[in-house]
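Here is what each chain is made of, one letter per residue.
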Amino acid sequence: MIFAMLGEAWRAMGANRLRTMLTMLGMVIGVGAVVLMMSIGQGAQYAIKQTIAAMGSNLFILHSGSTTSGGARTGSGGNFTLTVGDAEAVAELPGVQTVAPMHPGNAQIVYGPNNWNTSVTGTTPGFLEARSWQVTSGAAFTDSDVRSATRVALIGKTAAENLFGDENPVGKTIRIRQSPFVILGTLAAKGQSMDGRDQDDTLLIPLTTAQRQVFGSQFPGSVRLIMVQATTQEAMPAVEKSMTELLRQRHRIREGMDNDFFLRNLTAVADSAEESTRTMSLLLGAIASVSLLVGGIGIMNIMLVSVTERTREIGIRMAIGARERDILLQFLLEAIIISVAGCFIGLLLGIGGALLVNALTGTMVIISGSSAVVAFGVAATVGIFFGFYPARKAAQLDPIEALRYQ
Amino acid sequence: MAEPVIRIEGLHKSYETSAGLFPALKEVSLGIAAGEFVAIMGPSGSGKSTFMNLLGCLDKPTAGRYVLDDRDVAGLGKDELALLRNRTIGFVFQGFNLLPRMSLLENVALPLIYCGVEREERQQRAHEVLAKVGLEDKANSMPNKISGGQQQRVAIARALVNRPRLILADEPTGNLDSHTSEEIMALFEELNREGITIVLVTHEADIARHAKRQVRFHDGRIVSDQPTPQTEHAS
């Protein structure tokens, strides 16, 4: 019986092809938009996650604090209050995985006829661990390089390309402010940072070398930044608290006085970025769902017209023995077929659109089975929901009135 | 007289109109036995169409009793009425009322869908009744490709497909020329000879004389109920 009814629904839809297709178009656009938006949203979320993973996880940054001289405050990092000793003390705290004191700066680097201005960071081997940064060729510098302030460097991919072109940088000698440095290894590509900086346009050198030979420092052992990695995300609040206490103690800051350092939780920044993309993709999905709703209303509209047009047919069917539920089922089936078929086409178009966006703009898209299933389920529900009222209207027609209808 | 198929006692039917309650049928009582061929006659507005709608279980009486095939129709729900229309009654309309998008075979098989008959049996039975009305070779034609007389034959085949005890025909020849009308009436007579009870609404005396009994309505009441004069019928 259901097959016979499906056949009839198909025939009824075929009888007015243009109208059926236009009705379907509402669903096609709705589902297509939902699928497309979800793919783009999920793609963006994934990209953010990648960026966060590249940044390193569970990270804090300690900045030197500001000083006040003559009423003018210098801003963070203006006073070199942090020391290597602070870093070593923080490393002993429970819950701390790695500590990397850093001395960042910019310098012109020269190799043969080429030169390039890039960021040069003096740090310790712990930095690579904290940022989970791989050395692709050659080797990383060691603690002994830091102790003896050797002139060695690790070079990022962008800096290497600009300075060396196709040449292998490992073992080559470059000059930074006239001092020769040997490239020990090359760093794996990291891509853009959260703020859009190219993280691969960089050079890493031992901390002591940076302080003594490249940038100089206010006093021996001072550092501008300390990167601290906690063992787990759960340990971060405790580490933050104990680190603050420790540093206040070490810097002899009295109760009620401001810290002379700044502590920033990098993961929190990343989390909020991830949160905002999630919100964004939900929002996009919600907006797209509105078009699904409009598509559903379109189905209802056309089904109501169809019921009116076919009043006489309904009367005939009732006269020869159709029950209310037979008529209901017949019209409901038509609505469901239209919405499910529209949904299927919309699904294909949405996936196609997502792939096209990916091909044209390089935006990451993720087509997940779950969003397809959700879109399909929603479409079928919309079909039943919006098809029910017209179908019920048809089923409740008075057979005599319906038969008399011209 | 054989067992009654239809027993009607004190049937009333009123309609709500803007001018108040309009009584379309007043105190109608009638019995129709199995195998009868009855013509319901009367001018328009006499209540004969209302009477047919009640007979066909398309409508419910305001008051009175209607027993069809030993069942009191007044007490039945909508689904049970639909079942009666499907199994016990076959309808033939003035305007043929075939569904335009379906082939003749599908039109004829349609009532069987509503009582859950399997596809193969549906087709087979539809073929049988189409053969009976002489249109088997047109089974796959569409209704708009055949003549009015042929369409009415298909409608009769549709009415027959579920082997009803009763056929209700509402002005079945109203849209046909006199020659074709004769053919259709001959078909009804043949069906009646096979034992199917036929109730026919018409206002044409020529058509009514094919029936064995003529019931005349006027102003919502039965004004005469008599056998068709044999001499006329034989002609």
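As a reminder, the structure under discussion sits directly above these lines.
Let us look at the structure shown here. (Residues numbered from 1 in each chain as written. Chains lettered and ligands numbered in written order. Predicted model: local features only at pLDDT ≥ 70, side-chain atom pairs only at ≥ 80, totals over all residues. Heavy atoms only, no water.)

Counting its secondary structure elements, chain A contains 13 helices and 14 strands. Expressed along its principal axes, the backbone C-alpha trace of chain A runs to roughly 105 × 55 × 40 Å. Put simply, 76% of the contacts in chain A that link residues at least 6 apart link residues at least 24 apart. Working note: accessible area of chain A is about 19200 Å², and carbon and sulfur atoms make up 60% of it. Positive and negative side-chain charges in chain A, numbering 31 and 30 respectively, have mean positions lying 3 Å apart. (Helix = DSSP H or I, 4+ residues; strand = E, 2+ residues; numbered from the N terminus. Contact = heavy atoms within 4.5 Å. Areas by Shrake-Rupley, 256 points an atom, 1.4 Å probe, with all protein chains shown as cover. Lys, Arg positive; Asp, Glu negative; His and termini not counted. Charge placed at Lys NZ, Arg CZ, Asp CG, Glu CD.)

Counting 73 residues, the largest nonpolar core has Ile6(B), Phe51(B), Leu55(B), Tyr66(B) and Leu68(B) as its most contacted members. Excluding residues that lie within four positions of it along the chain, Ile6(B) makes contacts with Leu30(B), Gly31(B), Ile32(B), Leu55(B), Tyr66(B), Val67(B), Leu68(B) and Leu166(B). The next biggest cluster of nonpolar side chains, apart from the first, holds 45 residues, and it includes Ala87(A), Val223(A), Ala235(A) and Leu247(A). (Core = buried A, V, L, I, M, F, W, Y, C linked by side-chain atoms within 4.5 Å. Buried < 20%, exposed > 50% of the residue type's maximum accessible area, 1.4 Å probe, protein only.)

Our focus in this paragraph is the pairing of strand 1 (residues 4-17) of chain B. Walk down a regular strand and you will see the side chains alternate between the two sheet faces. Residue and element names in this part refer to chain B. Both strand 1 and strand 2 (residues 20-33) contribute to a ladder of ten bridges, which runs antiparallel. Looking across to strand 2, one finds that Ile8 is bridged to Leu30. Hairpin connection from strand 1 to strand 2: two residues lie between these consecutive antiparallel strands. (Pairing = 2+ DSSP bridges.)

All names here are of chain A. Between helix 2 (residues 17-55) and helix 12 (residues 369-395), the shortest axis-to-axis distance is 10 Å and the interhelical angle comes to 155°. Here helix 2 lies roughly antiparallel to helix 12, going by the angle between them. When you trace helix 2 past helix 12, the crossing you get is right-handed. Here helix 2 contributes Met27, Val31, Val35 and Met38 to the contact with helix 12, which in turn contributes Ser371, Ala375, Ala379 and Val382. Of the residues belonging to the contact of helix 2 with helix 12, the class tally is seven nonpolar, one polar and no charged. (Axes fitted to C-alpha atoms, helices over the stretch in contact; angles between N-to-C directions. Parallel < 35°, antiparallel > 145°, perpendicular 65-115°, else oblique. Left-handed = near helix turned anticlockwise from the far one by under 90°. Nonpolar A, V, L, I, M, F, W, Y, C, P; charged D, E, K, R; others polar.)

Note that every value here comes from positions in space, so none of it alone points to a role or purpose.
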